[in-house]
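# Structural description and commentary
Below, each chain spelled out in residue letters.
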Amino acid sequence: MYPPRSLPAGAKVTRLGPSPTGFIHLGNLYGAFADERLAHQSGGVFILRIEDTDNKREVEGAVETIISSLDYFGVHFDEGAVVEGDKGSYGPYRQRQRAEIYQTFAKLLIQRGQAYPCFCTEAELSEIHEAQAALKENFGYYGKWAKHRDLSLQEIRDRLDLGAPFVVRLRSQGDPARYFSIEDGIRGTLSMPENNQDVVLLKADGIPTYHFAHVIDDHLMRITHILRGEEWLSTLPFHVEIFKTLGWEHPVFCHTTVLMKMDDGAKRKLSKRKDPELGLDYYRGLGYHPAAVREYLLTVLNSNYEEWRLANPGADIEGFRFTTDKMGSSGALFDLDKLSDVSKDVLAAMTAEEVCDFLLGWARAYKPEASEVMDARRDDLLKILAIGRGGENPRKDLIYAAQIFEFIQFFFDEYFRMEDEYPDNVSPEDRKALLKDYLAGYDAGDDAQVWFDKVRQLAMDHGFAAKPKDYKKNPEAFKGHVGDVSAVLRVALSGRRNSPDLWEIQQIMGPDRVKARIQAGIQSTAQ
RNA sequence: GGCCCGGUGGUCAAGCGGUUAAGACACGGCCCUUUCAAGGCUGUAACACGGGUUCGAUUCCCGUCCGGGUCACCA
């Protein structure tokens, strides 16, 4: 049972240990990517272990949510909990199902005198806490405050006979006046006081605390690297002592930084309640591509990743050597701007088909009406998404699905609306005249060059410069330049000042739609 | 409050005793351009503070300040 694993030298075994609260957040994903890379690039194993020792927090169906959310973002496990049951031979992988294992070790520790039952009630515990507060001593159950640490066998037996509920505590041998140092995979050498807290190992219901459970599991499952948030740093002394008490070597601890956010000029931890962007659903709902989220998180995760990516665009992630010592140890601010920038690059590198499939997949789940409209004109949609794609300098207009839809929705009459104003340096009279003449001269058969020459001619006919340079040289001589004329056409056709190439969008719209919209533009200018 | 971790431009960050203190995002300017985007060039902007150690500190040590974490029969 639980033999050492036969893996190549240097292989790392990592695990993600979410508790099944049904809420999986960016921090989990951040850690999961690191765990995944560490394991897989070393030929190791990546495990999913469900840390369900707190039944109060458990939410129905949470395991499934965890697995599917992570799967969506490309995190796959080699071993561990699956929706129904387990995969792998170091299980079970749900801690509640491992109760007997923990209890066995707890018994062993009690036999050896390294742990003891404690019958303190909640009221007694809070009395201790208050007394400590009054005396300004450290809080906790330790040393002279640990009332039940030295109960005689008889006293224990009496209480047991009464059926008194009890927990099992570690009989700590540490002395906080002594310091020990430990190598953290991310932070280097850490110096901490020894633990002297008689921490709870087994709760009254016989289920272990996180502290006890993870030590046993990580040892038995032959975990080599424990990646976890820095909120665990302060409990590290317990954990080290528990490993030591059990006579086991501890894995390499790697404490990651917490994700922060800027709020009213102050940094603070991303909070589940206040920050929707902490939840993974936020990104999925908005339609950030999983590859973009991964790419972004990787840049935050490893300080040299971004540089590598710049040097190796399009290279497979396997080519990047991920290391814990390149992970940051100061609070990283979550930066949506940066995510968007990364996302633009990721989407620009994809084919129109890929973007199209992704967009439609998103729409089916989050915007069903729109998905029908787009499905009905899938060929056009593909052409729309192909505009400016590929080549040396692809356009980078697209960020996330909801935004993409916003960006292209003017193609669909169902969603077409005037979002931007006409340029105000073109008078309504000129605008109307320009649109009328444009309509009169419009020929869907014109190629891009012919079409553009016509626009230039149109500009000149109405007192606009054919080239911006001409206008710049001599602003008094013109009402504006051809760019202003284009802007008028663009607004009439797309309802906005910013769109992909005008000629191309007209080709996709088709002559009827083009004419109708120009006509509508003329009408709306009438009054 | 105790303990722990951290503090380089607005943000993310290289840097590990001697550097003109990288780079990316954001922001400004210019060029290109029928708009926007992209691209090219370019600009503004940083070592929290005070003491040491040292020939020399952003880098090492101490203190202060600031930020964060943690002090549960939650993880």
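All of these numbers come straight from a predicted model, not from anything done at the bench. (Residues numbered from 1 in each chain as written. Chains lettered and ligands numbered in written order. Predicted model: local features only at pLDDT ≥ 70, side-chain atom pairs only at ≥ 80, totals over all residues. Heavy atoms only, no water.)

### Details of the overall build of chain A
Across its full length, chain A holds 21 helices and 16 strands. Expressed as a percentage of the 527 residues in chain A, the buried residues total 50%. Accessible area of chain A: about 25,400 Å², with a carbon and sulfur share of 51%. Charged side chains of chain A number 66 positive and 81 negative; the gap between the two group centres comes to 2 Å. (Helix = DSSP H or I, 4+ residues; strand = E, 2+ residues; numbered from the N terminus. Buried < 20%, exposed > 50% of the residue type's maximum accessible area, 1.4 Å probe, protein only. Areas by Shrake-Rupley, 256 points an atom, 1.4 Å probe, with all protein chains shown as cover. Lys, Arg positive; Asp, Glu negative; His and termini not counted. Charge placed at Lys NZ, Arg CZ, Asp CG, Glu CD.)

### Description of the sheet that holds strand 6 (residues 167–170)
The sheet built from three strands is open, its strands ordered 5-6-9 with antiparallel pairing. Strand pairing shows two members of the sheet lacking a second neighbour, strand 5 (115–118) and strand 9 (200–202), which therefore form its edges. Recorded for the sheet is a direction-independent mean angle of 45° between the axes of neighbouring strands. Of the strands in this sheet, strand 5, strand 6 and strand 9 touch helix 3 (residues 99–111), which is tilted by about 125° from strand 9. (Pairing = 2+ DSSP bridges. Axes fitted to C-alpha atoms, helices over the stretch in contact; angles between N-to-C directions. Contact = heavy atoms within 4.5 Å.)

### Digging into the protein's contact with RNA strand B
Looking at RNA strand B, there are 60 residues lining it, with Thr53, Arg187, Lys203, Glu306 and Arg395 nearest. For RNA strand B, the fraction of atoms within 4 Å of the protein that belong to sugar or phosphate moieties is 73%. Within the side chain of Asn138, a nitrogen or oxygen atom sits 3.2 Å from a sugar or linking oxygen of RNA strand B. Within the side chain of Arg395, an N or O atom sits 2.5 Å from a base oxygen of RNA strand B. No other element matches the four residues that helix 19 (residues 482–494) contributes to the surface near RNA strand B. Considered class by class, the residues forming the surface near RNA strand B number 21 nonpolar, 15 polar and 24 charged. (Near = heavy atom within 4 Å. Polar contact = N/O pair within 3.5 Å; in protein donor to acceptor, adjacent residues only side chain to side chain. Nonpolar A, V, L, I, M, F, W, Y, C, P; charged D, E, K, R; others polar.)

### Description of the confidence of the model for chain A
When pLDDT is averaged across chain A, the result is 87; 95% of the residues are at 70 or more. What the predictor reports for the complex is a pTM of 0.86 with an ipTM of 0.86. (pLDDT = per-residue confidence, 0-100.)

### Quick notes on the pattern of salt bridges
Tallying each qualifying case throughout the model produces 31 salt bridges. Arg517 is the partner of Asp413 in a salt bridge, and the nearest nitrogen-oxygen pair spans 2.7 Å. Pair noted here: Asp413 is in the loop between helix 15 (401–408) and helix 16 (428–441) and Arg517 is in helix 21 (residues 511–526), with a separation of 104 residues, a long-range link. On the basis of relative accessible area, Asp413 is assigned to the partly exposed category, the value being 43%. Taken together, the shared-partner salt bridges in this structure form one network comprising Arg15, Arg49, Glu51, Arg98, Asp217 and Asp218. (Salt bridge = Lys/Arg side-chain N within 4 Å of Asp/Glu carboxyl O.)

### Points about the packing of helix 6 (residues 210–220) against helix 7 (residues 236–246)
At their nearest, the axes of helix 6 and helix 7 sit 10 Å apart, and the two run at 50° to each other. Looking at the two axes, helix 6 sits oblique to helix 7. Taken as a pair, helix 6 and helix 7 cross one another with a handedness that is right-handed. Listed contacts from helix 7 to Tyr210, His211, Phe212, His214, Val215, Ile216 and His219 of helix 6 are Phe238, His239, Ile242, Phe243 and Leu246. For the contact of helix 6 with helix 7, a count of residues per class yields eight nonpolar, four polar and no charged. (Parallel < 35°, antiparallel > 145°, perpendicular 65-115°, else oblique. Left-handed = near helix turned anticlockwise from the far one by under 90°.)

### With respect to the packing of aromatic side chains
Enumeration according to the criterion identifies 17 aromatic pairs in this entry. Between Phe105 and Trp248, the aromatic rings sit 5.2 Å apart at their centres with planes inclined by 80°, giving edge-to-face as the arrangement. Highlighted residues: Phe105 in helix 3 and Trp248 in the loop between helix 7 and strand 11 (252–256), separated in sequence by 143 residues. Between the aromatic rings of Tyr210 and Trp232, the centroid separation amounts to 4.0 Å while the plane-to-plane angle is 25°, which identifies the pairing as stacked. Of this pair, Tyr210 sits in helix 6 while Trp232 sits in the loop between strand 10 (225–229) and helix 7, and the two are 22 residues apart along the sequence. A connected cluster of aromatic rings, assembled from ring pairs, spans Tyr282, Tyr283, Tyr288 and Tyr400. The ring of Tyr90 is capped by Arg5, whose NZ or CZ atom sits 3.9 Å from the centre of that ring. (Phe/Tyr/Trp six-rings, centres within 6.5 Å; stacked < 30°, edge-to-face > 60°. Lys NZ or Arg CZ within 6 Å of the ring centre and 35° of its normal.)

### Notes on empty space enclosed by the protein
In total, this model carries one cavity of 30 Å³ or more according to the counting rule given. Considering only enclosed or pocket space, the largest cavity measures out at about 150 Å³ in volume. Among the secondary structure elements, those contributing two or more residues to the lining of the largest cavity are helix 11 (336–348), helix 14 (378–386) and helix 15. Here the residues of the lining of the largest cavity are counted per class, giving nine nonpolar, one polar and five charged. (1 Å grid on protein atoms, 1.4 Å probe; cavity = no way out; pocket = protein on both sides within 12 Å on 5 of 7 lines; lining within 4 Å. Points joined across faces, edges and corners; volume = space filled by probe spheres on them.)

### Quick look at unusual backbone geometry
The residue Lys136 is not glycine, and still its phi comes out positive at about 55°. Note that Lys136 resides in the loop between helix 4 (122–134) and helix 5 (153–161). The residue Arg222 is not glycine, and still its phi comes out positive at about 60°. The residue Arg222 is located in the loop between helix 6 and strand 10 in this model.

### Side note on the layout of surface pockets
There is about 700 Å³ of room inside the second largest pocket. Taken together, 24 residues line the second largest pocket, and the ones lying closest to its centre are Glu295, Arg309, Gly314, Asp345 and Val346. For the lining of the second largest pocket, the element with the highest residue contribution is helix 11, accounting for six residues. Split by residue class, the lining of the second largest pocket holds 12 nonpolar, three polar and nine charged.

### Structural notes on the side chain of Asp430
With respect to the element layout, Asp430 can be found in helix 16. Accessibility expressed as a relative area gives 14% for Asp430, which makes it buried. In this structure the side chain of Asp430 is engaged in a polar contact, spanning 3.1 Å, whose partner is the side chain of Lys479. Those residues within four positions of Asp430 in sequence are excluded, and the remaining contacts are Phe464 and Lys479.

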